[in-house]
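Structure assessment
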Amino acid sequence: NAGVTQTPKFQVLKTGQSMTLQCAQDMNHEYMSWYRQDPGMGLRLIHYSVGAGITDQGEVPNGYNVSRSTTEDFPLRLLSAAPSQTSVYFCASSLHDREGGTGELFFGEGSRLTVL
Amino acid sequence: AQSVTQLGSHVSVSEGALVLLRCNYSSSVPPYLFWYVQYPNQGLQLLLKYTTGATLVKGINGFEAEFKKSETSFHLTKPSAHMSDAAEYFCAVNFGNEKLTFGTGTRLTIIP
């Protein structure tokens, strides 16, 4: 099983450039999410989706865009990269527990982004 | 406001000693509680979780955690540390919505 696959693993951007981080899962999970991990701050939720065609904002959504056209894919777009977006990004998916929110999250291996 | 607090960003224990990593949360409703582990250059993986029922939860690799509602805590323990336990550990809480909120993490170092 591939699980959650993120690409690319590493990326360097210049300020103002745009890019898309790809995330795909093969577990038929309804719920998908993007987190960023920064030293001393843990993981912070950027955007999430409870199913195809449905997305919502998390804790730190500014500067990021998402879409969910299929159950499998949940790309994260940086519209105009800024140095403050230098971080490690994780995509995660789970079954959607409608009574309790998210179930167990399955994480990808991360994408390390540097913005110069 | 709902929040998750992990006391101690770095914890060091000797091999064979007790591991205790602390997690407290603030919420007026019973939450779902999780502990995740992250090894270097990897994603997070689930150690254990509490949703309902028995408040002492056993997870993988000999870890366990106890949900104490009166103390709003979910501390992670392991009776005897192993070198392979060196990693970063995250407490996470679902407050009954679509979002999982993570603590800031505790880096565990094992001293030979």
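Residues numbered from 1 in each chain as written. Chains lettered and ligands numbered in written order. Predicted model: local features only at pLDDT ≥ 70, side-chain atom pairs only at ≥ 80, totals over all residues. Heavy atoms only, no water.

**Concerning the overall build of chain A**
If you tally the helices and strands in chain A, you get 0 helices and 13 strands. Reading chain A from its N terminus to its C terminus gives the helix and strand order β-β-β-β-β-β-β-β-β-β-β-β-β. For chain A, the C-alpha radius of gyration of 13 Å lies close to 13 Å, the compact-globule estimate for 116 residues. Structurally, chain A occupies a C-alpha span of about 40 × 25 × 25 Å along its principal axes. Within chain A, the proportion of its 116 residues that are buried is 51%. A separation of at least 24 residues holds for 54% of the contacts in chain A among residues at least 6 apart in sequence. By element, 49% of the accessible surface of chain A is carried by carbon and sulfur atoms, the whole surface being about 5400 Å². (Helix = DSSP H or I, 4+ residues; strand = E, 2+ residues; numbered from the N terminus. Rg over C-alpha atoms; globule rule 2.2 N^0.38 Å. Buried < 20%, exposed > 50% of the residue type's maximum accessible area, 1.4 Å probe, protein only. Contact = heavy atoms within 4.5 Å. Areas by Shrake-Rupley, 256 points an atom, 1.4 Å probe, with all protein chains shown as cover.)

**Some words on the side chain of Gln25 of chain A**
Residue and element names in this part refer to chain A. Inspection of the secondary structure assignment puts Gln25 in strand 3 (residues 19-25). Overall, the relative accessible area of 2% leaves Gln25 in the buried class. A distance of 3.0 Å separates the side chain of Gln25 from the backbone oxygen of Thr71, its partner in a polar contact. In this structure, Gln25 is in contact with Gly3, Val4, Met32, Arg68, Thr71, Glu72 and Ser93, ignoring residues within four places of it in sequence. (Polar contact = N/O pair within 3.5 Å; in protein donor to acceptor, adjacent residues only side chain to side chain.)

**So, the state of the cysteines**
Residue and element names in this part refer to chain B. Within this structure, the stated rule accounts for 2 disulfides over all chains. Covalently, Cys23 is tied to Cys91 through a disulfide, its sulfur atoms 1.9 Å apart. Residues Cys23 and Cys91 are joined through a disulfide that is left-handed, its torsion about the S-S bond being -60 degrees. On the criterion of sequence distance, the pair formed by Cys23 in strand 3 (residues 19-26) and Cys91 in strand 9 (residues 87-94) is long-range, its members being 68 residues apart. In this pair, the class of Cys23 matches that of Cys91, namely buried. (Disulfide = S-S within 2.5 Å.)

**As for the nonpolar core**
Grouped together as the largest cluster of nonpolar side chains are 28 residues, with contacts concentrated most on Trp35, Leu48, Leu76 and Tyr89 of chain B. Elements with a contribution of two residues or more to this core: strand 2 (10-14), strand 3, strand 4 (32-38), strand 5 (44-50), strand 7 (64-68), strand 8 (73-78), strand 9 and strand 11 (106-111) of chain B. Apart from residues lying up to four places away in sequence, Leu76 of chain B is in contact with Val19, Leu20, Leu21, Trp35, Leu47, Leu48, Phe63, Glu64, Ala65 and Tyr89 of chain B. Counting residues in hydrophobic clusters, the runner-up holds 20 residues, among them Tyr31 and Tyr48 of chain A together with Tyr32 and Leu46 of chain B. (Core = buried A, V, L, I, M, F, W, Y, C linked by side-chain atoms within 4.5 Å.)

**Describing the interface of chain A and chain B**
Every contact between the two is made by 24 residues of chain A and, on the other side, 20 residues of chain B. Where chain A packs against chain B, one counts 0 salt bridges. Linking chain A with chain B are 3 residue pairs in polar contact (both at pLDDT 80 or more), by the criterion used here. If one sorts the elements of the side of chain A that touches chain B by residue count, strand 5 (residues 42-51) of chain A sits on top with 5 residues. (Salt bridge = Lys/Arg side-chain N within 4 Å of Asp/Glu carboxyl O.)

**Let's talk about the pattern of salt bridges**
As a working rule, side chains carrying opposite charge can pair if their charged atoms are close by. Taken as a whole and judged by the stated rule, the model has 5 salt bridges over all chains. Arg36 of chain A is the salt-bridge partner of Asp38 of chain A, the closest N and O atoms lying 2.8 Å from each other. In this structure, Asp38 of chain A and Arg36 of chain A share a single accessibility class: buried. Between Glu88 of chain B and Arg107 of chain B there is a salt bridge, with the nearest N and O atoms lying 3.1 Å from each other. Separated by 19 residues along the polypeptide, Glu88 of chain B in strand 9 and Arg107 of chain B in strand 11 bring together distant segments of the chain. Given the relative accessible area of 13%, Glu88 of chain B is considered buried. By sharing partners, the salt bridges in this structure join Arg36, Asp38 and Arg44 of chain A into a single network.

Keep in mind these values describe shape, not function.
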